[in-house]
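# Coordinate analysis (summary)
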Amino acid sequence: MNRKGKAVWQGTGKDGSGQLSTDSGVLSNTPYSFKTRFENEKGTNPEELIAAAHAGCFTMALAFQLQSAGFTPTELATEATVSLDKEGDGFKISKSALTLQAKVPGIDRAKFEELARAAEKNCPVSKVLNADITMDFTLA
């Protein structure tokens with residue numbers, strides 16, 4: 001299975017701008033620029049997309065872990081916060097912090113944590129990120 005994303009950029013790094021698109025069409029010439037990345041201009045940026053990908057991947061992996069263990073979640077809501085830090089003359093993504101709020105009838109905290117930690121370690125996006133990945137959760 002292959003999935004594609006495309007970036008087109010015009011101009012310099014600071015004053016230029018670009019568009020991001022995906023084969024699925026979910027992103028179609030979505031704007032990104034220095035201002036969408038380092039300031040708060042409307043548009044997206046690579047870190048936001050990585051955060052959404054990590055949250056989505058982890059949450060789906062946890063749903064499969066729970067299903068395999070015989071549990072059906074009422075809701076799994078995950079937020080990923082990706083940290084972009086200065087490193088020398090450039091930047092690096094140093095961390096992805098997952099914050100999960102879960103409603104899973106009939107599961108105890110220890111079993112839930114075991115399954116959540118397995119999902120955290122084994123989702124494909126976690127595996128590709130060379131960053132410190134943390135996870136906090138609330139089980140209602």
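Above this text is the structure in question.
When helices and strands are tallied, the protein shows four helices and six strands. Secondary structure of the protein in N-to-C order comes out as β-β-β-α-α-β-β-α-α-β. Taking the principal axes of its C-alpha atoms as reference, the protein extends roughly 55 × 35 × 25 Å. Computed over 16 positive and 17 negative side-chain charges, the separation of the two mean positions in the protein equals 4 Å.

Okay, helix α3 (residues 109-122) next. In this model α3 runs 20 Å from its N-terminal to its C-terminal C-alpha over 14 residues, within 8% of the 20 Å that 1.5 Å per residue would give. Here α3 has its buried residues at Phe-112, Leu-115, Ala-116, Ala-119 and Glu-120. All buried residues of α3 fall inside an arc of 140° around its axis, so they share one side. In α3, the exposed positions angled more than 90 degrees off the buried face are occupied by Ala-110 and Lys-121. For α3, the elements touching its buried residues are α2 (46-68), β5 (90-103), α4 (124-128) and β6 (132-139). For α3, the N-terminal cap is Asp-108; the gap from its side-chain oxygen to the backbone nitrogen of Ala-110 is 3.1 Å.

With that settled, the discussion passes to the environment of Asn-45. Here Asn-45 is to be found in the loop between α1 (34-38) and α2. Residue class for Asn-45 comes out buried when judged on its relative accessible area of 11%. Spatially, the C-alpha atom of Asn-45 lies 9.6 Å from that of Thr-30, the residues being 15 residues apart in sequence. When sequence neighbours within four positions are dropped, the list of residues in contact with Asn-45 reads Thr-36 and Arg-37. Polar side-chain contacts of Asn-45 include one of 2.8 Å to the backbone nitrogen of Glu-48.

Pairing within the open sheet is mixed, and its three strands lie in the order β4-β5-β6. At either end of the open sheet lies a strand with only one pairing partner, and these are β4 (75-87) and β6. Between one strand axis and the next, the sheet turns through 15° on average, direction left out of account. With 13 bridges joining them, β4 and β5 adopt antiparallel strand pairing. Residue pairing in the sheet places Thr-81 in a bridge with Ala-97 of β5. Strand contacts of α2: β4, β5 and β6, with the helix running at about 145° to β4, the strand carrying the most contacts.

If you walk through the whole model with that rule in mind, you get four aromatic pairs. Both rings, one in Phe-34 and one in Phe-38, keep their centres 4.9 Å apart while their planes meet at 40°; by these two values the pair is tilted. Pair noted here: Phe-34 and Phe-38 are both in helix α1, with a separation of four residues, about one helical turn. With a relative accessible area of 34%, Phe-38 lands in the partly exposed category.

Here we come to the sheet that holds strand β3 (residues 30-33). Across the sheet, three strands lie side by side as β1-β2-β3; this open sheet has antiparallel pairing. At either margin of the open sheet sits one strand with a lone partner, and together these are β1 (5-10) and β3. The average angle at which neighbouring strand axes cross in this sheet is 30°, direction not considered. Relative to β3, strand β2 (residues 17-22) runs antiparallel, the two sharing four bridges.

Criteria and cut-off values
- Residues numbered from 1 in each chain as written.
- Predicted model: local features only at pLDDT ≥ 70, side-chain atom pairs only at ≥ 80, totals over all residues.
- Heavy atoms only, no water.
- Helix = DSSP H or I, 4+ residues; strand = E, 2+ residues; numbered from the N terminus.
- Lys, Arg positive; Asp, Glu negative; His and termini not counted.
- Charge placed at Lys NZ, Arg CZ, Asp CG, Glu CD.
- Expected span 1.5 Å × (residues − 1).
- Buried < 20%, exposed > 50% of the residue type's maximum accessible area, 1.4 Å probe, protein only.
- Arc of directions from axis to C-beta.
- Contact = heavy atoms within 4.5 Å.
- Polar contact = N/O pair within 3.5 Å; in protein donor to acceptor, adjacent residues only side chain to side chain.
- Pairing = 2+ DSSP bridges.
- Axes fitted to C-alpha atoms, helices over the stretch in contact; angles between N-to-C directions.
- Phe/Tyr/Trp six-rings, centres within 6.5 Å; stacked < 30°, edge-to-face > 60°.

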